Amino acid sequence: MELIYKIDFNSTNFYFKHIIDDLIQESTINAYSKMYRGFILLVCEDEAEKIENFFKILEEKLPLSIFISKAQVLEKFDFEAFEELKEQDVKLNLSLLTNDEITKTINENNIDFSNDIEKIKKGGVSRFETHNGLKDLFLPSVEQREKFEKLGYEVKLLITNINKISNLVDISQKDLQLLCSIERPLIKLKFKLLQNAKAEFSSTRFIYAKIPDDKETLLFAQALKEAGIDYLLYINDEVYQDGLKVTYNEDQNIIIHGEKGLFPKYDFDLKRRVNSSLDYFEEYGSVYKACIAQFNKRLVSTIGVYFSYKSDESAIKINSVEHGEKDLILVPNVVNNIEKCFEDIRSIDENTNRLIDNYKNRFPNYFEKEFKDKDLDGFEAILNMLAYVLGMKDYKQFEDTALMFTGKSGLQIDMKVMKFDDKNYLDYRRIIQSTMSYKMAGVENSLLAYSFYESLCDFISDNISEIQNEINAKDIILCGDMFANSILLSKVKKKLNSINILIPKEYPLDY
């Protein structure tokens with residue numbers, strides 16, 4: 001009996017094929033696997049009972065992966081129509097913690113972590129070293145968290161007991177699958193409404209979390225769990241690769257940022273080793289151009305929206321055979337300074353002077369702090385100033401506040417195009433002005449933050465529809481880490497249902 005099984009796999013790294021090959025060898029079944037662009041083919045040629053038993057082993061032992069989308073049995077396969085990938089000599093930066101490997105590691109190692117655990121229990125910070133770098137781990141604490149955040153670190157959650165995590169956060173089956181996948185990514189989770197717990201863990205209701213992703217952390221986590229510590233907060237030193245940040249929608253898993261488990265890799269289009277996302281994107285000149293190459297759209301007209309929090313290149317773009325890449329509407333790179341922002345808003349008309357003066361009188365405590373980092377770009381600076389006028393810390397808190405809104409629709413925030421030096425720019429002044437006007441009218445922050453992303457979606461949709469009619473494009477590429485925001489992404493997909501939306505699968509959304 002022959003059975004052909006196709007596993008859609010959105011990566012050209014071979015580690016998952018190796019896991020399948022090991023299970024074939026372990027099962028002594030007459031079978032083999034082949035790697036192709038976008039899928040792995042598993043061919044079994046054996047007795048029906050042996051094949052059935054083998055698939056039971058696959059179901060039990062084959063780990064989850066962020067790159068798997070679906071699997072199916074094929075009636076036949078045209079081997080001549082597809083080119084099999086040949087593995088290149090590139091060592092992946094990933095610990096393959098299968099269930100068997102986890103059990104083996106725990107059983108074969110007996111390390112005394114009692115000093116570290118006692119230090120943590122007393123409210124201290126444990127400096128924990130792995131082969132990738134250092135982690136500082138500590139019990140949830142407002143004081144410790146804020147201390148590290150003031151130093152510029154991102155505080156994240158290490159889950160030592162996955163069976164207890166639902167006591168702390170609202171977690172879906174998809175969240176669990178991603179957390180437990182072989183790549184061990186970071187997933188943004190939302191805290192339950194537990195008294196006092198939120199402030200100890202995060203300044204918002206959200207935090208990026210993961211489970212152990214290397215042998216050293218696995219062993220430490222096991223000792224912590226046995227000591228009754230189910231989760232800790234942690235930071236990394238600057239050189240540590242802390243894995244991929246991943247999100248998802250109804251269609252696919254989406255890599256936001258990250259290197260670990262993804263790079264280095266061999267890129268079969270570039271025909272060379274790629275060491276990092278920076279290396280990959282700079283090869284093509286931009287994230288958008290790299291996406292055009294990924295989707296093989298060089299020879300057709302394509303619209304692109306590259307909206308990034310930190311990049312100075314955010315824009316609505318087109319790419320055509322005749323003219324190459326062209327920016328149609330740019331996001332301005334403004335100074336991260338609220339007084340300069342107010343100066344720009346005052347230039348709109350005589351009414352804005354009164355709005356700003358009244359606003360300062362109404363919310364004087366919002367203006368007691370200053371931005372430490374004035375050298376920011378694009379959306380990060382704009383959203384930082386939006387956060388500032390709403391009494392929030394920064395753009396991350398602004399985004400998390402938007403995710404807290406429970407309604408189905410928001411208000412219309414002004415999103416207009418302004419002409420400057422013969423170029424079209426998103427008029428950031430109008431965004432902040434209209435938000436302040438709503439705030440003066442008593443609108444609460446979560447609705448205002450949500451309304452920004454919804455109105456930005458409308459801005460994208462209106463302009464894309466006009467561009468699509470002019471250049472007859474059938475595809476739009478969405479890239480940049482702003483599209484990790486579930487509000488923006490879901491509403492853009494709903495609005496632009498007449499055009500084929502492409503979102504990177506194998507590479508990150510952004511640098």
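This report concerns the structure included in the present document.

### Re the overall build of the protein chain
- Looking only at helices and strands, one finds 17 helices and 22 strands in the protein chain.
- Taken against the 2.2 N^0.38 rule, which gives 24 Å for 511 residues, the C-alpha radius of gyration of the protein chain at 25 Å falls within 12% of a compact globule.
- A principal-axis box enclosing the C-alpha atoms of the protein chain has dimensions of 85 × 65 × 40 Å.
- For the protein chain, the proportion of its 511 residues judged to be buried stands at 56%.
- Contacts in the protein chain between residues far apart in sequence, at least 24 positions, make up 69% of those at least 6 positions apart.
- For the protein chain, the accessible surface area stands at approximately 24,100 Å², while carbon and sulfur atoms represent 45% of it.
- Between the centroid of the 67 positive side chains of the protein chain and the centroid of its 85 negative side chains there is a distance of 4 Å.

### Notes on the sheet that holds strand 4 (residues 68-74)
- Pairing within the open sheet is antiparallel, and its 4 strands lie in the order 2-3-1-4. Edge positions in the open sheet fall to strand 2 (31-36) and strand 4, since each of these has one partner strand only. On average, each strand axis in the sheet is inclined to that of its neighbour by 15°, with strand direction left out of account.
- Here strand 2 pairs with strand 3 (residues 39-45) via 6 bridges, running antiparallel. Note on strand 3: the bridge partner recorded for Ser 33 is Leu 42.

### Description of unusual backbone geometry
- The omega angle of the peptide bond from Phe 263 to Pro 264 is -5°, so this bond is cis rather than trans.
- Structurally, Pro 264 is set in the loop between strand 13 (253-257) and strand 14 (265-267).
- For Lys 271, which is not glycine, the phi dihedral falls at a positive 60°.
- Turning to its location among the elements, Lys 271 is positioned in the loop between strand 14 and strand 15 (272-274).
- When its relative accessible area of 62% is taken as the criterion, Lys 271 is described as exposed.
- Within the chain, Asn 472 stands out as a residue other than glycine whose phi angle is a positive 55°.
- Of note, Asn 472 is situated in the loop between helix 16 (445-471) and strand 21 (475-479).
- Take Asn 472: its relative accessible area is 57%, and that puts it in the exposed class.

### Some words on the packing of helix 15 (residues 428-440) against helix 16
- It is at 10 Å that the axes of helix 15 and helix 16 come closest, and there the two elements cross at 155°. Considered as vectors, helix 15 and helix 16 are oriented roughly antiparallel to each other. Note that helix 15 runs across helix 16; the crossing there is right-handed. For the pair helix 15 and helix 16, contact is made by Ile 431, Thr 435, Tyr 438 and Lys 439 and by Asn 445, Leu 448 and Phe 452, respectively.

### Here's the deal with the environment of Ala 48
- Among the secondary structure elements, Ala 48 is positioned in helix 2 (residues 48-61).
- Judged by relative accessible area, which is 45%, Ala 48 ranks as partly exposed.
- Taking the C-alpha atoms as reference points, Ala 48 and Ala 223, separated by 175 residues in sequence, lie 44 Å from one another.

### Observations regarding helix 17 (residues 486-495)
- For helix 17, every residue scored as buried is listed here: Ile 487, Leu 488, Leu 489, Lys 491, Val 492 and Lys 493.
- Against strand 13, helix 14 (395-403), helix 16, strand 21 and strand 22 (500-502) lie the buried residues of helix 17.
- The N-capping residue of helix 17, defined by a side-chain oxygen 2.9 Å from the backbone nitrogen of Ile 487, is Asn 485.

### As for the environment of Ala 290
- Take Ala 290: it is sitting in helix 10 (residues 287-294).
- For the pair formed by Ala 290 and Glu 59, sequence separation is 231 residues and the distance between their alpha carbons is 36 Å.
- Filtering out sequence-adjacent residues up to four positions away, Ala 290 remains in contact with Tyr 280, Phe 281 and Tyr 284.

About the criteria used
- Residues numbered from 1 in each chain as written.
- Predicted model: local features only at pLDDT ≥ 70, side-chain atom pairs only at ≥ 80, totals over all residues.
- Heavy atoms only, no water.
- Helix = DSSP H or I, 4+ residues; strand = E, 2+ residues; numbered from the N terminus.
- Rg over C-alpha atoms; globule rule 2.2 N^0.38 Å.
- Buried < 20%, exposed > 50% of the residue type's maximum accessible area, 1.4 Å probe, protein only.
- Contact = heavy atoms within 4.5 Å.
- Areas by Shrake-Rupley, 256 points an atom, 1.4 Å probe, with all protein chains shown as cover.
- Lys, Arg positive; Asp, Glu negative; His and termini not counted.
- Charge placed at Lys NZ, Arg CZ, Asp CG, Glu CD.
- Pairing = 2+ DSSP bridges.
- Axes fitted to C-alpha atoms, helices over the stretch in contact; angles between N-to-C directions.
- Parallel < 35°, antiparallel > 145°, perpendicular 65-115°, else oblique.
- Left-handed = near helix turned anticlockwise from the far one by under 90°.
- Polar contact = N/O pair within 3.5 Å; in protein donor to acceptor, adjacent residues only side chain to side chain.

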